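# Geometric and topological summary
One letter stands for each residue in the lines below.
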Amino acid sequence: MTTDAFALYGTHEAEERPVTLTAGRLTADLANGNLRTIRYDGIEVLRAISYLVRDRDWGTYSPRIEGLTVKQDADSFSIGYTAHCDGPDASRLAIAVRIEASEGELTFAAEAISPSGFETNRCGFCILHPIVGIAGTPTTVEHVDGRIVETRFPDQIEPWQPFMDMRAISHTVMPGVSAKCLMEGDTFEMEDQRNWSDASYKTYVRPLALPWPYQIPAKEQQTQRIVLSISDSRPRVAAQATEAKPVTIARGEKTGVMPSIGLIVTPEEAKSTLAATSRLAEIGPQELLFHYDPLAGHGPTAFADFAALAKIHRGSTTLEIALPCKASPAEEAAAIAAEMAAAGFSPDAVVVSPAVDRQSTPPGSKWPECPPLEEVYAAVLAVFPNARLGGGMLSYFTELNRKRVPAENLDFVTHCTNPIVHAADDLSVMQTLEALPFITRSVRAIYGDKHYRIGPSTIPMRQNPYGSRTMDNPGGKRIPMANTDPRHNGRFAEAFALAYAAQVIDADLECLTLSALTGPFGLIAGENEPSEPGAVRPLFHTVKALAGMAGLRWHECQSSAPSQVLGFTVEKAAGNALCLVNITAQELSVDISATVAEGVAVVLAPYGTAIVEFPANG
């Protein structure tokens, strides 16, 4: 790759490239001591087998690996190493790992021991099944009590664990090929990770109903083992070389209207946004989404800044309120309304959610005290009778799916997503795009044709529903749950945002918010950043382009390789435009003959985007 890494990722630090190992027709990528993209005969069987250690905030340790040995033979491979985790108060954990694979069987065994005792929320294996081609298909689950149940992987996203007390799970990989994943050493259960926009079903160790954090006793060995067995009943045929072909883009059947584009404005960034009004006008967003949280110290001065921005903004405005619910909702809503009136701030819509609902309530946990949502919505309607009322979650789809809001009196529902909840490597972030259509279809299944908004959805995490805080990231690393992310400054974020839009537009969204104007989630660089203050980040161009398409009719495009290239077309006054995005780190040739004109191809740079204008009859 000749493109400057900093331009792509906002950091010069490169990810360690995985090592691909083979055992006949079975292949797996070794990355940071774990296995990814486990394929049989070219088809992904499992997305990952990983041994993970989580801290009390559900942050994932990055263990120090020592003594790594990798042996690749003609038809098998083996791996060995010891991983070390250093916890608080000088606590330590060592995990001895042995991986062995032949064509028909892969074993991943781990023995963990702590000389000191070790606090963790989870310590053990996670197994990821992919979702594309598997969602809704049959599976066989063997439980710890010996019961064998024929069932299906969920199609609509399950709010709770679809399978519990698991010992093994089997599925069909392709006609004639099946895979069985046996899990030993503890009780496993599965969660539908599409809730968090992860593109996987995750089977993990230690049921969530058990207390966490918990203590691994000193000098007590913890042993677990995963065995993946492949059964292939097909006649054996000689492998044939396949010629690489360009990605093709063809017209699809779906069509709709492009959503409005919003920008999030917090009280902390309101003055910076006011100082960048020329950039705001250049983007031309249809919506400004103002955030207000009294528990974060936001007060009446925020409304003066919001009023000043609303005055110069040519579109509509929405205020999202994290209502403290320390007093009655009616009292709190009335006090906020009085402060807004004094500042002359009158938004077109108000989104309200109890502040406590931003925190996740996992299975087996007690729901926190909270007024009924009907009471909260009625209180807000009473003091903002002329504003549209939105409800849902200021956090993620996970929380909306687990606590489904009464939508009868709502004008729209809303939620966010975040791609670095569980993993933050480049591949995992881009793979979250696969989950977005499942999320939007699940929302539509729950709320029907109710007006629907998404955002703000950014690569950096604005809040952590699963722990006490988001993770600070002063070193600019790729880490889960971080409140800043270097890729937000690079072309990676530009590609992610356009691909995000491509994956959700068929949900008939009213508004999509993918950024702020300033700050760590913003479109322009601030002080103490590598770029010159005020310079636009690459993401600026995607958000500006999408804002310019709001209200236009879009048409579906079908990609021959949706894990590499996504696209859609829009009808413009002077013709049509094909929007393309490369979501990989490789340069790709894309054949657009079936969409634009015969013989036309486009070369997309790594994480490159392109808008190809063509006549309406092209």
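Definitions and cut-offs
- Residues numbered from 1 in each chain as written.
- Predicted model: local features only at pLDDT ≥ 70, side-chain atom pairs only at ≥ 80, totals over all residues.
- Heavy atoms only, no water.
- Helix = DSSP H or I, 4+ residues; strand = E, 2+ residues; numbered from the N terminus.
- Rg over C-alpha atoms; globule rule 2.2 N^0.38 Å.
- Buried < 20%, exposed > 50% of the residue type's maximum accessible area, 1.4 Å probe, protein only.
- Areas by Shrake-Rupley, 256 points an atom, 1.4 Å probe, with all protein chains shown as cover.
- Lys, Arg positive; Asp, Glu negative; His and termini not counted.
- Charge placed at Lys NZ, Arg CZ, Asp CG, Glu CD.
- Core = buried A, V, L, I, M, F, W, Y, C linked by side-chain atoms within 4.5 Å.
- Contact = heavy atoms within 4.5 Å.
- 1 Å grid on protein atoms, 1.4 Å probe; cavity = no way out; pocket = protein on both sides within 12 Å on 5 of 7 lines; lining within 4 Å.
- Points joined across faces, edges and corners; volume = space filled by probe spheres on them.
- Nonpolar A, V, L, I, M, F, W, Y, C, P; charged D, E, K, R; others polar.
- Disulfide = S-S within 2.5 Å.
- Pairing = 2+ DSSP bridges.
- Axes fitted to C-alpha atoms, helices over the stretch in contact; angles between N-to-C directions.

### Comments concerning the overall build of the protein
Secondary structure assignment for the protein yields 11 helices and 33 strands. At 25 Å, the protein has a C-alpha radius of gyration in line with the 25 Å of a compact globule built from 618 residues. For the protein, the spread of C-alpha atoms along the three principal axes comes to 70 × 65 × 50 Å. Within the protein, the fraction of its 618 residues that count as buried is 56%. Surface exposure of the protein reaches about 25500 Å², of which carbon and sulfur atoms provide 51%. The centroid of the 51 positive side-chain charges in the protein is displaced by 1 Å from the centroid of its 72 negative side-chain charges.

### Describing the nonpolar core
Counting residues in each nonpolar core, the largest one holds 151 residues, and the members touching the most others are Ile95 and Phe568. Leaving out residues up to four positions away in the same chain, Ile95 has contacts with Tyr51, Val53, Tyr81, Thr82, Ala83, Cys85, Ala110, Glu111 and Ala112. Counting 16 residues, the second largest nonpolar core, distinct from the first, contains Val247, Ala561, Val590 and Ala610.

### Examining empty space enclosed by the protein
Across all of its chains, the model carries 8 cavities of 30 Å³ or more by this definition. Size it by volume and the largest cavity reaches roughly 100 Å³. Along the walls of the largest cavity sit Glu287, Leu289, Glu320, Val351, Leu394, Phe412, Thr414, Arg453, Ile454, Gly455, Cys511 and Thr513, which together make up its complete lining. Looking at the lining of the largest cavity, the elements that each hand over two or more residues are strand 21 (287–292), strand 25 (412–416), strand 26 (451–454) and strand 27 (511–516). The residue inventory of the lining of the largest cavity, partitioned by class, reads 6 nonpolar, 3 polar and 3 charged. In this structure, the second largest cavity occupies an estimated 80 Å³ of space. Lining the second largest cavity are Val356, Asp357, Gln359, Ser360, Thr361, Trp367, Pro368, Met393, Glu399, Arg402 and Lys403.

### As for the layout of surface pockets
Approximately 610 Å³ is the volume found for the second largest pocket. Together, 27 residues line the second largest pocket, and His291, Met461, Arg462, Gln463 and Phe521 are the ones closest to its centre. Each residue belonging to the lining of the second largest pocket can be placed in one class, and the counts come to 8 nonpolar, 13 polar and 6 charged.

### Re the state of the cysteines
This model, assessed by the stated rule, comprises 0 disulfides. Left unpaired, Cys123 is separated from the closest cysteine sulfur, that of Cys85, by 7.4 Å. Cysteine Cys181 remains unbridged, with the sulfur of Cys126 as its closest cysteine sulfur at 12 Å. The buried category is assigned to Cys181, whose relative accessible area is 2%.

### Observations regarding the pairing of strand 4 (residues 43–54)
Most of strand 4 is tucked away, with 11 of its 12 residues classed as buried. Note: strand 3 (residues 34–40) against strand 4, 5 bridges, orientation antiparallel. Among the inter-strand pairings, Ile38 is bridged to a residue of strand 4, identified as Leu46. Hairpin connection of strand 3 to strand 4: 2 residues between the antiparallel strands, including Asp41 at a positive phi of 55°. For strand 4 and strand 10 (residues 122–129), the ladder comprises 7 bridges, and the chain directions are antiparallel. Its bridge partner lying in strand 10, Val53 is registered against Cys123.

### A short note on the sheet that holds strand 19 (residues 247–257)
Adjacent strands of a sheet form backbone hydrogen bonds with each other and so pair up, either parallel or antiparallel. Reading across the sheet, the 7 strands line up as 32-31-19-28-29-30-33 and stay open at both edges, with mixed pairing between neighbours. The sheet terminates laterally at strand 32 (601–604) and strand 33 (609–614), the two strands that pair on one side only. The average angle at which neighbouring strand axes cross in this sheet is 30°, direction not considered. The sheet contact formed by strand 19 and strand 28 (residues 553–559) spans 6 bridges and is antiparallel.

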